[in-house]
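Residue-level structural notes
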Amino acid sequence: MAVDPPLRPRTRVVLADAAGRRGGTDRSRVDLAEQTPIGEALVKGLMRAQLALALRLSLVVVAGLGTLPLLFVAAPAVGGFKVFGIHLPWLLLGLLSFPFLVGVGAAYVHWAERNEQDFAALIRRPEQ
């Protein structure tokens, strides 16, 4: 006959006790999850940073591409130049504008991801 091992006494688990033993909770994550005013302020800060980045790069695009037609109107002789048999306005606005826009878009993605990584690092390890 096999002998059954002795039964251990039952342990009652209370959630408050388990939470107390878990250690310090990351308050910023809780603020985000529960949508407290602090969590809202953190998210608004990220949104403000992303908006500021978008506006700065929009100004770069407007300054880079928006001023070219003004240049060609103000100085018609510049519009008469030919490069490789193509008029300079067609070359700049029709061909070279696309790599410029792709470059600005790539820069935006890179800097926006960096903003999000900084935000995630703030949430993981808040300044104390």
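Residues numbered from 1 in each chain as written. Predicted model: local features only at pLDDT ≥ 70, side-chain atom pairs only at ≥ 80, totals over all residues. Heavy atoms only, no water.

Observations regarding the UniProt feature "transmembrane region" (unreviewed entry) in the protein
Test applied: UniProt positions are given in the numbering used here, feature names are shortened, and annotations may be inferred rather than shown by experiment. Secondary structure counts use DSSP, requiring at least four H or I residues in a row for a helix and at least two E residues in a row for a strand, with both numbered from the N terminus.
Residues annotated by UniProt as "transmembrane region" (unreviewed entry) correspond here to residues 53-78 and 90-109. Between the end C-alpha atoms of residues 53-78 the distance is 33 Å, and the span holds 96% helix and 0% strand. Helix makes up 95% of residues 90-109 and strand 0%. Its end C-alpha atoms lie 28 Å apart.

Overview of the confidence of the model for the protein
The condition that has to hold: Confidence scores here are pLDDT values: one per residue, from the predictor, ranging 0 to 100.
Across the protein, the average pLDDT comes to 80, with 79% of residues at or above 70. The lowest-confidence element of the protein is helix α1 (residues 15-22), averaging 54 in pLDDT; the highest-confidence one is helix α6 (residues 97-124), averaging 91.

What about the environment of Gly66?
Its location among the elements puts Gly66 in helix α3 (residues 37-74). With 27 residues separating them in the primary sequence, Gly66 and Leu93 have C-alpha atoms 9.8 Å apart.

With respect to helix α5 (residues 88-95)
Since the α-helix advances by 3.6 residues per turn, residues separated by three or four positions end up pointing in the same direction. Short version of the rule: Relative accessibility under 20% of the residue-type maximum defines a buried residue, over 50% an exposed one, and the middle range a partly exposed one, all with a 1.4 Å probe and only protein chains included. Two residues form a contact once any of their heavy atoms are found within 4.5 Å.
For α5, the complete set of buried residues consists of Leu88, Pro89 and Leu91. For α5, the elements touching its buried residues are α3, α4 (76-79), β1 (82-83) and β2 (86-87).

A few points about the packing of α5 against α6
Stated formally: To obtain an axis, a line is fitted to C-alpha atoms, over the contacting stretch when the element is a helix, and the angle between two such axes runs from 0 to 180 degrees between their N-to-C directions.
Put simply, α5 and α6 touch, their axes get as near as 4 Å, and they point 30° apart. Seen from α5, the contacting residues are Leu92, Leu93, Gly94 and Leu95; seen from α6, they are Ser97, Phe98 and Pro99.

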